[in-house]
Amino acid sequence: MKLVVRVKLLPTPEQAAALDATLRACNTAASDVAATARETGTYRNYDLRKHVYARIKDDYGLGAQAAQHVIKKVADAYTTMKANLKAGRYGKPGSKRRGNVETNPVRFRWNAAQPYDARMLSWQTDARTVSIWTTCGRLKGVAYTGSADQLKAVATSKVGESDLVHRDGMWFLYASIEVAEPELIDPAGFLGVDMGIANIAYDCDGTRYAGDRLNGYRRRQLRLRKRLQVKGSKSARRLLARRNKKEARHAANVNHRIAKTIVTEAVRTGRGIAVEQLTGIRERVRLRKPQRVTLHSWSFHQLGGFLAYKARRAGVPLVEVDPRYTSQTCHRCGHRDKRNRPDQETFHCRSCGVVAHADHNAALNIAQRGVEGWGAVNRPHAASPCIQ
Ligand SMILES: [Zn+2]
C-alpha cells in the first residue's frame, strides 16, 4: 500500500534561500505554462511539453526533470479544474465565478508544492540528510527530522516521488512510500465504535474519545467565527479564513489521535474494528443527534478514513456495519423501541430494564453487527452440511 510520510527539513539559512528561490522559480514557470495552455488550448501533458519545455528550462533555470514536473503539474491542475467544473463546484453555468475559472489561466502560489523524483532528490537516511536539486545547484546534506515512525518509514521503505512544501515558514518533504500490507489478523471479537456529535467516538468497552473538552473548544471557535462574520471587513474575512484553516488542522489532529488510539486498542486485544458505514456518515450523524448548539458538523468521514488506513497498516480487520436502529436497540435482549432512549445520554431498555450510556449501547450493537458481518464474509464452509 502507498503511504505519504512527512518529514521536516532543517535547512541552513543559505539552503533555505536556495529552496525558496527554487519554489518561486518552479511556480512562476507553472503559472507561465498555465497561461500558454490557455492561449493555445493545449492542456495535455505531452502536447504542452512540445510548446514550452525548452523555453521554461532556459527562462527559469529549471533542470530537465523539474521542467517536466512543472508541465505535468499544470496539466494535472487543468484536469482537476475540469472535473470540478463538471461537478458544479464553481457555481452554475453563467455565474461570474464559473466564468472566471473557465476563461482565466490557472495561477500557482509562489509556494505551491513541487514534485521531486529520485533523480532530483536522494535520501541519506543514516545521516538523516537529503541531497536535493535547486535552481542554485544541488544542495547536499540538508538535514531533516520527524517522529520516530516517520523516520523509520523513510529509512526502511522505498521512497517514490516527494513533494517539496513550504508552510508557515517551515520546509517539508511529503514522501510517498510503498509498504507491504500486513496480513489481517484472525479477530477475537470486534471493538465496536459509535460516532456522534456529543462524543466524537465511543467504543463498546465504554471508552469515550474527545467529548466535552473538544466541544468546548469548538463552541469558543464558533463564537469567534460569528463575531468575525458580523464584522465582515476585509481583515476580518482574512482572519476568519486563517481561523478556519487552523481549526481544520486541529480537527485533523484530533481525528488522527482518536483513530490511533482505537487501532492500538484493537491490536492490544486482538480484535477487529466495527464502525457504521462510512458513506453518508456525516449526514446521518447530523440528523440523528440534533444539538443545542449548531457546531460545524464534524468530519466523521475523515475519521473513518484514518481508521480504515491505520487499521489496514496494522493488519486489523475493519467491518462497516448497517447503522440503522443501533441507538434504539437493546444490546442485551435485542428489544427495539424509540422509547428506549428517554434522552440524549441514556439508554433504558423497556423490555429487560438494562440501563447504559446511549453511545455505549450503540457501540455494543455495532460490535455485535461487526461479528455477524465478519462471519458472513469469512465463513466459507459453514453453510455446507457435514457428511461423514
Ligand atoms: Zn433489553
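Criteria and thresholds
- Residues numbered from 1 in each chain as written.
- Predicted model: local features only at pLDDT ≥ 70, side-chain atom pairs only at ≥ 80, totals over all residues.
- Heavy atoms only, no water.
- Helix = DSSP H or I, 4+ residues; strand = E, 2+ residues; numbered from the N terminus.
- Buried < 20%, exposed > 50% of the residue type's maximum accessible area, 1.4 Å probe, protein only.
- Contact = heavy atoms within 4.5 Å.
- Areas by Shrake-Rupley, 256 points an atom, 1.4 Å probe, with all protein chains shown as cover.
- Lys, Arg positive; Asp, Glu negative; His and termini not counted.
- Charge placed at Lys NZ, Arg CZ, Asp CG, Glu CD.
- Donors = N, O, S within 2.8 Å, 3.2 Å for Na, K, Ca; no water.
- Tetrahedral: all angles 85-135°; square planar, octahedral: opposite > 155°, others 65-115°.
- Pairing = 2+ DSSP bridges.
- Axes fitted to C-alpha atoms, helices over the stretch in contact; angles between N-to-C directions.

## Re the overall build of the protein
Next up, step 1: Scanning the protein from N- to C-terminus turns up 10 helices and 14 strands.
Next up, step 2: In terms of its C-alpha atoms, the protein occupies a principal-axis envelope of roughly 80 × 65 × 40 Å.
Next up, step 3: By the burial criterion, 42% of the 388 residues in the protein qualify as buried.
Next up, step 4: Across the protein, contacts joining residues at least 24 apart in sequence account for 64% of those joining residues at least 6 apart.
Next up, step 5: Element-wise, carbon and sulfur atoms account for 51% of the exposed surface of the protein, whose accessible area totals about 21400 Å².
Next up, step 6: Both charge centroids of the protein, one from 68 positive and one from 34 negative side chains, sit 7 Å from each other.

## Focus on the coordination of the zinc ion
Next up, step 1: For the zinc ion, the protein coordination sphere consists of Cys330 (SG), Cys333 (SG), Cys349 (SG) and Cys352 (SG), at 2.3 Å.
Next up, step 2: Geometry at the zinc ion is tetrahedral, judged from the four donor atoms that bind it and their angles of 105 to 115 degrees at the metal.
Next up, step 3: One chain supplies every donor to the zinc ion, and in sequence these donors are spaced C-x2-C-x15-C-x2-C.
Next up, step 4: Using a relative accessible area of 2% as the deciding quantity, one classes cysteine 330 as buried.

## Some remarks on the sheet that holds strand β5 (residues 137-145)
Next up, step 1: Strand order across the open sheet formed by seven strands is β2-β6-β7-β1-β5-β4-β3, with antiparallel pairing between neighbours. Among the strands making up the open sheet, the edge pair consists of β2 (114-116) and β3 (121-124). Each neighbouring strand pair of the sheet contributes to a mean axis angle of 35 degrees, computed without reference to strand direction.
Next up, step 2: Of the pairings in the sheet, the one linking strand β1 (residues 2-10) to strand β7 (residues 170-178) comprises eight bridges and is antiparallel in character. Opposite leucine 3, over in β7, you have isoleucine 177 as the bridge partner.

## Notes on unusual backbone geometry
Next up, step 1: Here aspartate 168, not a glycine, exhibits a phi torsion of approximately 50 degrees, which is positive.
Next up, step 2: Structurally, aspartate 168 is set in the loop between β6 (158-167) and β7.
Next up, step 3: Positive phi is not limited to glycine here, since tyrosine 325 has a value of about 65 degrees.

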